[in-house]
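# Structure assessment
The primary structure of each chain is shown beneath.
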Amino acid sequence: MALARVYTRALIGIHAPEIRVEVDLARGMPGFTMVGMPATTVKEARDRVKTALMNAGFEYPPATRITVNLAPADIPKTGARYDLAIAVGILAASGQIPDAILEQAEFYGELALTGELRAVNGLIPALLACRNKKRQAFVPIANQQEAGLVREQKSWLAADLVSVYEHLHDHQPLRESKPINWTKEPSNDDGDLADVVGQEQAKRALLLSAAGKHHLLFVGPPGTGKTMLAQRLNGILPDLTEQEAMEIAAVKSVSFDYHHAEALTRRELRNPHHTCTAAALVGGGTGNSVRPGEISLANNGLLFLDEVPEFSRHVLDCLREPLGSGEITISRAGYNVKFPANFQLVCALNPSPCGQFDGSLANCRSTPDQILKYLSKLSGPLLDRIDIQVMVPRESESMSLKGAAKHKTQPMTSLQAKSLVEKARHRQLMRQGCLNSELKPKVLKQICFLSEQSEAFLAKAAEKMKLSHRAYHRTLRLARTIADLADSKKIEQQHLAEALNYRALDRLIEQVQSL
């Protein structure tokens, strides 16, 4: 036959639209033409494919004009992921392989000049889309980790072009990818909550943050355990669902940000340095090479910003959109790329530039104006999106140990905290189908119903504390989480009082302004 059609997939963000590789062989002046909006890296495939076919021992059609169309033409194509599909199309069009299976298969892989197949990025989104089409996939053996994560998808692992040829001729079947059990108990490298001595209010804030997926801000001098507390939050979050795990794996597959299969589906705490740029944080790139940033790599996980005032204010304000929508849109000329960014934000900051302000200037080397300028780097709209602000004061280890011995209580472990979090989240999902932090304003009054006395109490407190409408609603959501942890069907006044108490930064600014 002189015409063949092979299926593969492009990569736009974490979406994998179907691409039909149409190969036509015609008599005429020998040449190789590629159409369909290919980037430079795709156009170079004609040299790679031709050399790979010849070095692998196949017959390259002589005295033939080869036309390759990548349809639809309005989808930008980048990278070398189309090499295998193009090569299979040429072999099918020239009659060297049967074309009966091509309608039920998709091909991915970069060709070396020897005919070997190299790994491609972004394979998991492609395999998920391939599974929906109920097709089998031919993938490089170097991508076997990603192929094993997509359940109920038949993927054949190929080392080179010759092995694909042998499989299509039923001579030597390829090895099918084996499913990887990503649900097995992950190793806890983040430490145990019981390791934190003292800081009971901060540990309570961790529990609330995990139970309702509330964003969290720690305020305290250096060495009080803010980073240690943030690391423990990962260990008390519930286990991932399959959908959440595949979203994490899809982003990491696009960015090649993993070293082994277990890392593909692991919820991570991303900790970017304060010198990172806006593009590094939210994602970016030039031309068609757009890559996810830290907020997308923290999807369904945690983003920890230590020393948050040291970040550029422009960089911090870039977080406002994804904190509200759970995704980030990166616009480039001619197209937009969307990445998921449903992360939980954890911030830490010192109370002053020198870190020693404790309500008085006795031990502080900073002036009130310097402190206010330092704290003002966090804009009001960003602070309104952080539900919990908690102080992490300096306390001696001996005092903490004496306090624990006095009350004869054993510190809560991460396993115990995780059990409480799972129960609280189960109540939320059964009641409203989402977590408390994700409640929409139109159903907020219904879910977070208050008695007249409680509503008057909250209104008076909001007026006194000058809370914005967004902060008012977030206080309601946090109070609902406090009630869920207490297994209370109604939001009581004590739950509102505790929620209002988590405004540590507001109180700190008031202290500085009064000096």
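Residues numbered from 1 in each chain as written. Predicted model: local features only at pLDDT ≥ 70, side-chain atom pairs only at ≥ 80, totals over all residues. Heavy atoms only, no water.

### Considerations on the overall build of the chain
- The helix and strand tally for the chain stands at 23 helices and 19 strands.
- For the chain, the spread of C-alpha atoms along the principal axes amounts to about 85 × 45 × 45 Å.
- For the chain, the proportion of its 515 residues judged to be buried stands at 52%.
- Excluding contacts between residues fewer than 6 apart, the proportion of contacts in the chain whose partners are at least 24 apart in sequence is 73%.
- In the structure as shown, the chain presents an accessible area of about 23,600 Å², 51% of it carried by carbon and sulfur atoms. (Helix = DSSP H or I, 4+ residues; strand = E, 2+ residues; numbered from the N terminus. Buried < 20%, exposed > 50% of the residue type's maximum accessible area, 1.4 Å probe, protein only. Contact = heavy atoms within 4.5 Å. Areas by Shrake-Rupley, 256 points an atom, 1.4 Å probe, with all protein chains shown as cover.)

### Structural notes on the sheet that holds strand 15 (residues 302-305)
- The strand order across the open sheet formed by 5 strands is 12-15-18-11-19, and the pairing between neighbours is parallel. Two strands in the sheet have a free side with no partner beyond their single neighbour: strand 12 (269-270) and strand 19 (388-391).
- Sheet topology places strand 11 (residues 216-219) next to strand 18 (residues 344-349); 4 bridges connect them, and they run parallel. Among the inter-strand pairings, Leu217 is bridged to a residue of strand 18, identified as Cys347.
- Where helix 23 (residues 504-513) meets the sheet, it contacts strand 11, strand 18 and strand 19, and its direction lies at approximately 60 degrees from that of strand 19. (Pairing = 2+ DSSP bridges. Axes fitted to C-alpha atoms, helices over the stretch in contact; angles between N-to-C directions.)

### A few points about the environment of Leu70
- Tracing the chain through its elements places Leu70 in strand 4 (residues 64-71).
- Sequence-distant contacts of Leu70, that is, excluding residues within four places in its chain, are made with Ile19, Arg20, Val21, Met34, Val35, Gly36, Pro38, Val42 and Lys77.

### Considerations on the packing of helix 2 (residues 45-55) against helix 3 (residues 83-93)
- Viewed as axis vectors pointing N to C, helix 2 and helix 3 meet at an angle of 55 degrees, and their least axial separation amounts to 10 Å. For the element pair helix 2 / helix 3, the angle class is oblique. Judged by the sense of rotation from one axis to the other, the crossing of helix 2 with helix 3 is right-handed. Between helix 2 and helix 3, the contacting residues are Ala45, Arg48, Val49 and Leu53 on the first element and Asp83, Ile86, Ala87, Ile90 and Leu91 on the second.
- Its residues assigned to classes, the contact of helix 2 with helix 3 comprises 7 nonpolar, no polar and 2 charged. (Parallel < 35°, antiparallel > 145°, perpendicular 65-115°, else oblique. Left-handed = near helix turned anticlockwise from the far one by under 90°. Nonpolar A, V, L, I, M, F, W, Y, C, P; charged D, E, K, R; others polar.)

### Details of the nonpolar core
- Formed by 66 residues in total, the largest nonpolar core has its most connected members in Tyr108, Ile295, Leu305, Leu319, Phe343 and Leu505.
- Setting aside chain neighbours within four positions, we find Phe343 in contact with Lys213, His215, Ile295, Ala298, Asn300, Gly301, Leu303, Leu319, Pro322 and Leu323.
- Counting 49 residues, the second-largest nonpolar core is a separate cluster that includes Phe304, Ile388, Cys448 and Leu467. (Core = buried A, V, L, I, M, F, W, Y, C linked by side-chain atoms within 4.5 Å.)

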